[in-house]
Amino acid sequence: MRQFLALLRMSLEGEGARLGSVLTIVVGVTCTVAVLISMLAMGTGAHRQAVGDVQDDEFVVQAKGSQIMQSEISREEMVALRDLPGIARDKDGEPQVDGLVLVPFEGHRRGTGRRVFFPLLGSSNSQFELRPPARLTEGRLFRPGLHELIATNACVRQFEGFELGAKREVRGAAWTVVGHYDQGQSLQCIVLSDAETLMSLFGRNGYNRISVRLDRPSDFGTFNRALEANPALKLEAKPAREQVESDMKQFNGLLNFVSYFIGSIMAVGATLGAVNSLYSIVDSRRRELATLRAIGFGSAAIVAATLVESVLLALPGALLGAALAWLLFHGMAIAPFGFTFRLDVTPRLAEIGITWALVMGFIGGLLPALRAARVPVTTALRAT
Amino acid sequence: MKYLPLIWSGIWRKPGRTVLIFLQVAVAFVLFGVLQGLKTGIEHAVAEARADLLLVHGRETFFAPIPLGLLGQIRAVPGVKVVVPVGLFGAWYQKPEQGAIIVAVSTEGDWTDAFTFNIAPQYLAAFNKNRTAALVTEYAAQKYHWKIGDHIPMISKTPQKDGSTTWAFDIVGTFTDSDVAVGRYKILMHFAYFDEGRAAGTGSVDHFNVAVTDPRLAVPVADAIDRRFANSSHETKTESLRELAQAQVQQIGDLDFLIRAVVSAVLAALLFATATMMMQSVRERTPELAVLKTIGFTDRAVFFLVLVEAVVVCVAAGACGLALATVVFPFAGRFVYGLAMPKVTVAIGLALAAAVALVSAALPAARAARLRVVTALAER
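Residues numbered from 1 in each chain as written. Chains lettered and ligands numbered in written order. Predicted model: local features only at pLDDT ≥ 70, side-chain atom pairs only at ≥ 80, totals over all residues.

Draft legend 1. Fine view of the overall build of chain A. Counting its secondary structure elements, chain A contains twelve helices and 14 strands. Relative to the globule expectation of 21 Å for 384 residues, the C-alpha radius of gyration of chain A, 30 Å, shows a markedly less compact shape. For chain A, the C-alpha atoms occupy an extent of roughly 95 × 50 × 30 Å along the three principal directions. The 384 residues of chain A split such that 43% are buried. Considering only contacts in chain A between residues 6 or more positions apart, those separated by 24 or more positions represent 83%. (Helix = DSSP H or I, 4+ residues; strand = E, 2+ residues; numbered from the N terminus. Rg over C-alpha atoms; globule rule 2.2 N^0.38 Å. Buried ≥ 20, exposed ≤ 12 C-beta atoms within 10 Å, placed from the backbone. Contact = placed C-beta atoms within 7 Å.)

Encoded structure:
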């Protein structure tokens, strides 16, 4: 152990003389970690935004085994659902249930005029959608039966034609924007209107999804049993958070696949660079190492010291990379595939980045460490 | 030529180091090839999308149906060759995961001129004959195990007059679509069957496909169509397939920025690694280079010797990396249907590899050239 510490100290004190090789390792690891973390930050940011505003007492109901766009829940089912036990009631004694209809819609980005598709949401209970933390900031609610809609403030910032009083065409009819609202921390543009009006306009007979608020999250068991016991209801309920996560799965999966794909290739490159640099560090210290062996230092100590040196050289790169990713990209808003969200560089991501760096340092140090331990004493000492 | 063995032995002076540098450069260019290839490939796909096929849809949004009655007026616009009413709806086969887009087309005259479909004549004839006939993309046929003669029920959200949401078709053939922007699961059906069968929306279309008599007329014809319906109750917007493809690419968003950032990071790290290695290599070889100079090599010759050595290694490694990128490209390109590795990307990649070599070797090479024989040999 003492041998190991002495060796390590010697190597580290000598790094100044081998600046080029050391920098190669640091720069390689920095770039890899920075890219990996910033790319993963997209997935984290999207996920955080999606679940950020979801509350624990919120549950969603959909037709059994179908995705949101295909799910259809009839009006009869909706009526039966309202009487299930466990559902919270508002101050008028009405059950807190909201039937949602999704129809395709589009907007044009401010400045670029780029067209982005997103759903137009029809809600049967606007009070439900606007309960805190969401709140109306301007104008008023849409009135049932009229061609009126309200949009989040994010829509106004990102897209053209969502100002108060603006007209939007939906299925040949002109719809007026009558209000703006905020929906928690989300940057996503959401446009809300009356479910019944949309359903009749689009010839729909049912809702895509029903949102339900229960008295307590623990009432879900009671609610779900009653739902499943009713043979007329071919529906399944889930906590809203779980549903949002499963909705996001494909998008997040794609982001994470791309992140790790690029991250791995860069890591292989950085590791190769580290191997090369460490080899040259070891080579430049051949005589030194041979002398140490000659005076009785063990191979194990030399291997360990070289490995730890390699890992320690990777570490500043990892920290620098994480810091760079945070400085450059944390909080940056991006908008791929019609989603809009902020990149989120979390401690968890920094942890992943640092772990990767340590693994790169360890793997990169293995072969050079073995070579260092096998330096033939006599020839190395004799060489000039 | 006589320098060749010298360069060769220089490269293999330290085989371990050369192999590592080679691998590092190759890996960097695999990434470059895949990312840059994706970007350029998409740009090519957009550029190749037909600019002479027009789509007429509602002015405000792509999703608003417009009356079938506009057909006659569009047909009357000078320069219009064929107009085909199109109805679109989504449906699935057996389970919701097995989706397809159903394209209802009116099969009059040379209707295929207004599409990018490639249909064999016998299939086309069979399709035109039968009202419930359907053509399916080869891809869909393969995935869902459909054969010609199959009777397939497709479940949709578009109800028929009898309330059923299931539409049945007889498959009479397959087709391919050269337009890469749209999905691979497509079913062609007769517009008449669709329009008369559906419970709501009869007499409306999702869009009209328009072919023009002369490709150069595409823009004026598009403007003329939109002008004709301006200030009417059904204002239209006419866009070419290329414009639509552009819009679709824009959906992907900040792809350019992302790819540029990653590629720069990769190249920066690579440049650093190669530069240090070349520096190290020249330093180690100081005595050898001094000997070369002693026996009469000029400064220039030594300079180029070091430079060429770096270029050979980097370009060879870059070529290997790009070759590998071409092999794996179809997997990375699966997000965008029908993409191939563009040759431009390979060429740019090779040029970049050479540039990396030149930049990283310039300083060490200059140092080698300036070497003073006496001091260099004295260090020995």
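Next comes the rest of the account.
Draft legend 2. The overall build of chain B, seen in detail. On a plain count of helices and strands, chain B comes out with 13 helices and twelve strands. Since a compact globule built from 380 residues should have a radius of gyration of about 21 Å, the 31 Å found for chain B marks it as more spread out than a globular shape. With respect to the principal axes defined by its C-alpha atoms, chain B has extents near 100 × 45 × 35 Å. Counting the 380 residues in chain B, one finds 41% classified as buried. The contacts of chain B with a sequence gap of at least 6 include a subset with a gap of at least 24, amounting to 82%.

Draft legend 3. Examining the interface of chain A and chain B more closely. Tallying the contact residues gives 43 residues for chain A and 40 residues for chain B. Looking at the side of chain A that touches chain B, the elements that each hand over two or more residues are α2 (19-52), β3 (97-108), β4 (115-123), β7 (167-170) and α8 (240-284) of chain A. The dominant element in the side of chain A that touches chain B, judged by the number of residues it contributes, is α8 of chain A, at 13 residues. Its residues placed into classes, the side of chain A that touches chain B shows 21 nonpolar, 15 polar and seven charged. (Nonpolar A, V, L, I, M, F, W, Y, C, P; charged D, E, K, R; others polar.)

Draft legend 4. Region of interest: the domain arrangement of chain B. Partitioning chain B into structural domains gives domain 1 (4-47 + 253-378) and domain 2 (61-234). Inter-centroid distance (C-alpha atoms) of domain 1 of chain B to domain 2 of chain B is 51 Å. (Domains from an automatic or database assignment.)

Draft legend 5. Representation of the environment of Leu 363 of chain B in the model. Residues and elements named next belong to chain B. With respect to the helices, strands and loops of the structure, Leu 363 is situated in helix α12 (residues 343-370). What makes Leu 363 partly exposed here is the crowd of 13 C-beta atoms within 10 Å. Sequence separation between Leu 363 and Ala 133 is 230 residues; the distance between their C-alpha atoms is 71 Å.

Draft legend 6. Representation of the pairing of strand β7 (residues 151-156) of chain B in the model. Residues and elements named next belong to chain B. Pairing analysis gives two bridges linking strand β3 (residues 80-92) to β7, with the strands arranged antiparallel. For Trp 92, the partnering residue across the bridge sits in β7 and is Ile 155. Bridge analysis of β7 against strand β8 (residues 166-177) gives five bridges, and the strand direction is antiparallel. Note on β8: the bridge partner recorded for Ile 155 is Thr 166. (Pairing = 2+ DSSP bridges.)

Draft legend 7. Highlighting the nonpolar core. Counting residues in each nonpolar core, the largest one holds 170 residues, and the members touching the most others are Ile 37 and Ala 41 of chain A together with Leu 31, Ala 134 and Val 210 of chain B. With near-sequence residues (within four places) excluded, Ala 41 of chain A lies in contact with Ala 325, Phe 329, Leu 343, Asp 344, Val 345 and Leu 349 of chain A. Counting residues in each nonpolar core, the second largest holds 43 residues, with Met 78, Cys 155, Val 170 and Val 177 of chain A among its members. (Core = buried A, V, L, I, M, F, W, Y, C linked by C-beta atoms within 7 Å.)

Draft legend 8. Representation of the domain arrangement of chain A. Under the domain assignment used here, chain A contains domain 1 (2-51 + 248-382) and domain 2 (65-233). With seven residues of domain 1 of chain A at the interface, the matching set in domain 2 of chain A holds nine residues.

Draft legend 9. A look at α8 of chain A. Here α8 of chain A spans 61 Å end to end across 45 residues, near enough to the 66 Å set by a 1.5 Å rise per residue. Along α8 of chain A, the largest kink reaches about 50° and is centred on Lys 249 of chain A. (Expected span 1.5 Å × (residues − 1). Bend = angle between axes of the 7 residues up to and from the residue.)

Draft legend 10. Representation of unusual backbone geometry within the structure. Residues and elements named next belong to chain B. In this model, Gln 94 sits at a positive phi of 65°, which is unusual for a non-glycine residue. Checked against the element boundaries, Gln 94 lands in the loop between β3 and β4 (99-105). The residue His 145 is not glycine, and still its phi comes out positive at about 55°.

Draft legend 11. The arrangement of the environment of Ala 247 of chain B in detail. As for its position among the elements, Ala 247 of chain B is in helix α8 (residues 241-252). On a C-alpha basis, the gap between Ala 247 of chain B and Val 46 of chain B in space is 9.6 Å, while along the polypeptide they are 201 residues apart.

Draft legend 12. Spotlight on the pairing of β4 of chain B. Residue and element names in this part refer to chain B. Most of β4 sits out of view: five of its seven residues are buried. Of the strand pairs in this sheet, β3 and β4 are connected by seven bridges, and their pairing is antiparallel. Across the sheet, the residue bridging to Val 86 is Val 105, located in β4. The antiparallel pairing of β3 with β4 creates a hairpin that spans six residues between the two strands, and Gln 94 there sits at a positive phi of about 65°. Taken together, the five bridges between β4 and strand β9 (residues 186-190) define a ladder with parallel strand orientation. Bridged to Val 105 within β9 is His 190.

Draft legend 13. Main features of the packing of α8 of chain A against helix α2 (residues 15-48) of chain B. Across the interface, α8 of chain A lies against α2 of chain B with an axial gap of 9 Å and an inter-helix angle of 160°. The orientation of α8 of chain A relative to α2 of chain B falls into the category roughly antiparallel. As for the relative orientation of α8 of chain A and α2 of chain B, their crossing is left-handed in sense. Residues Ile 262, Ile 265, Met 266, Val 268, Gly 269, Leu 272, Gly 273, Val 275, Asn 276 and Tyr 279 of chain A of α8 of chain A touch α2 of chain B, and the partners they reach there are Gly 16, Arg 17, Leu 20, Ile 21, Leu 23, Gln 24, Val 27, Ala 28, Val 30 and Leu 31 of chain B. (Axes fitted to C-alpha atoms, helices over the stretch in contact; angles between N-to-C directions. Parallel < 35°, antiparallel > 145°, perpendicular 65-115°, else oblique. Left-handed = near helix turned anticlockwise from the far one by under 90°.)

Draft legend 14. Looking closely at helix α6 (residues 195-202) of chain A. Residues and elements named next belong to chain A. Buried within α6 we find Ala 195, Thr 197 and Leu 198. Angular distribution of buried residues about the axis of α6 spans 165°; they occupy a single face of the element. Two residues or fewer past α6, Gly 203 is found with a positive phi of approximately 65°. (Arc of directions from axis to C-beta.)

Draft legend 15. Quick peek at the packing of helix α10 (residues 299-329) of chain A against helix α11 (residues 347-373) of chain A. All names here are of chain A. One can describe the packing of α10 onto α11 by two numbers: an axis separation of 7 Å at closest approach and a directional angle of 150°. The angle between α10 and α11 falls in the class roughly antiparallel. As α10 packs across α11, the resulting crossing turns out to be right-handed. Residue composition of the contact of α10 with α11, grouped by class: 20 nonpolar, nine polar and no charged.

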